[in-house]
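Residue-level structure breakdown
Letter by letter, the chains look like this.
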Amino acid sequence: MTTLVLCVDRSNDVGRKAGVAPPVVGWEAVRSLVTDLGLSDPEDAGVNSLLESLRVARDLQDGGEEAVVAVVSGAGDSAVRADRALAAQLDDLLAGNDVDSAIVVIDSATDERAVPIVESRLTVDSVDRVVVRQARDLESTYYLLKQFMADEELRETVLVPVGVGLLILPVLLVQFSTAVAVAGLASLLGATLLYYGLGVDEVVERSPERAREALYSGQVSVVTYVVGLGLTLVGAFLGLLEASPTNGVTFVAVMEFAYSAVPWLALAALTASFGRLLDELIRDEGVRTPYLNLPFGVVALGLVVRGFAGWFLEREADRAPMELLGVALAPTERLAVFIVGGIVLALVGVRVAATVSDERLDDVIEDGVGGSDRG
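Residues numbered from 1 in each chain as written. Predicted model: local features only at pLDDT ≥ 70, side-chain atom pairs only at ≥ 80, totals over all residues. Heavy atoms only, no water.

Turning next to the overall build of the chain. Looking only at helices and strands, one finds 15 helices and 7 strands in the chain. The buried share among the 375 residues of the chain stands at 32%. Within the chain, contacts between residues separated by at least 24 positions form 64% of all contacts whose residues are at least 6 apart in sequence. Accessible surface, the chain: about 22400 Å² in total, of which carbon and sulfur atoms supply 61%. (Helix = DSSP H or I, 4+ residues; strand = E, 2+ residues; numbered from the N terminus. Buried < 20%, exposed > 50% of the residue type's maximum accessible area, 1.4 Å probe, protein only. Contact = heavy atoms within 4.5 Å. Areas by Shrake-Rupley, 256 points an atom, 1.4 Å probe, with all protein chains shown as cover.)

Here you go:
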């Protein structure tokens, strides 16, 4: 078994500085190349790569294995030409030497990009990356930065928000105080991290396609979603009109907002869920339990929230008792009615979902037609 110890110099620093034409094959030839390159540029990291190649070949030979040490270099004014030169040199090496596998020695991230070229022609047992001890931290940082910059997704999610923040910071410092500027920048970066961390970007990216598919397929939920959005805006508007803080008591304002907005918000959610339920029925694949539960759950939740909001408002000041269906009830009695009503409605939803979820629209229609015929 013969192993090729291959030192890769994709940028052709070794061949250009030492004045030799690659490939360089053989122990004596590579050792002479180390001397020539060291005399030409003692600070070049390629010297260490060549020495590491000789050391690996010597260790293999000491272990009783056959080893051939060689150096290949890129050539040309572009990455494509350099890689093609490497490939041609490697083909020449394999044509003149009978080797079974290779150990690739590199000294930078640039050289590592040539490893797939070697792997496409020969089995690679190991990749030996040489880092000069005095510059280990610097070289490792450079390597990580190169890998980071090569990842398009990381650039978009990290570099773009940071760049936008740095552009906005001077504007904020000119217009506002330092504390406000830093707080605004931190909020922007925090919102960006949450945007990507919670996967909101994926939802936003898929939304146009999903909306287009819904429109083309004629789904009823498209219309009901728009209606639900309009009802949500109406509820929010009316809630804000009613939420007038008195004496700085913001909790009361929140309760006023909830009391006025919840019916409209519940109606919006009910409309949207009803449209989704119709789509499930029209699709003729059976209705899944969540879509049956949702309308009942929305109304039940709206009842409970409105009941608690009304109780807090009645307790907050000397207000006249609120009427329920024309009957004046005490705050606690009224709250109990809303809570019981919400629980009963939720239980009804569970019962309906358990009864209907396994049936299909065709089954229901056939049962109805069959019953009429039998009648």
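Below, the discussion takes up the packing of aromatic side chains. Tallying each qualifying case throughout the model produces 1 aromatic pair. Between W311 and F312 the ring centres are 5.2 Å apart and the planes differ by 80°, which places this aromatic pair in the edge-to-face class. Residue classification places W311 among the partly exposed positions, given a relative accessible area of 24%. One Lys or Arg, R306, reaches over the ring of Y259 and ends 3.9 Å from the middle of that ring. (Phe/Tyr/Trp six-rings, centres within 6.5 Å; stacked < 30°, edge-to-face > 60°. Lys NZ or Arg CZ within 6 Å of the ring centre and 35° of its normal.)

Bringing the pattern of salt bridges into the picture now. Charged atoms that come close allow side chains of opposite charge to pair. Summed over the entire model, instances satisfying the criterion amount to 7 salt bridges. In this structure, D83 engages R10 in a salt bridge whose closest nitrogen and oxygen atoms are separated by 2.8 Å. Residue D83 is located in helix α4 (residues 79–96), and its partner R10 is located in the loop between β1 (2–9) and α1 (13–18); the two are separated by 73 residues in the primary sequence. Residue classification places R10 among the buried residues on the basis of a relative accessible area of 12%. (Salt bridge = Lys/Arg side-chain N within 4 Å of Asp/Glu carboxyl O.)

This part is about the environment of S221. With respect to the helices and strands, the residue S221 is situated in helix α11 (residues 220–242). Measuring from C-alpha to C-alpha, the distance between S221 and R276 comes to 5.1 Å, with 55 residues separating the pair along the chain. S221 has contacts with G275, R276 and D279, leaving out every residue within four places of it along the chain.

Looking now at helix α9 (residues 178–197). Compared with the 28 Å implied by 1.5 Å per residue over 20 residues, the 28 Å span of α9 between its first and last C-alpha is a close match. Taken together, the buried positions of α9 are occupied by A181, L185 and T192. Down the axis of α9, the sector holding all buried residues measures 30°, keeping them to one side. The outward face of α9, more than 90 degrees from its buried face, is lined by the exposed residues A179, L193, L194 and G197. Within two residues after α9, G199 carries a phi angle of roughly 75°, on the positive side. (Expected span 1.5 Å × (residues − 1). Arc of directions from axis to C-beta.)

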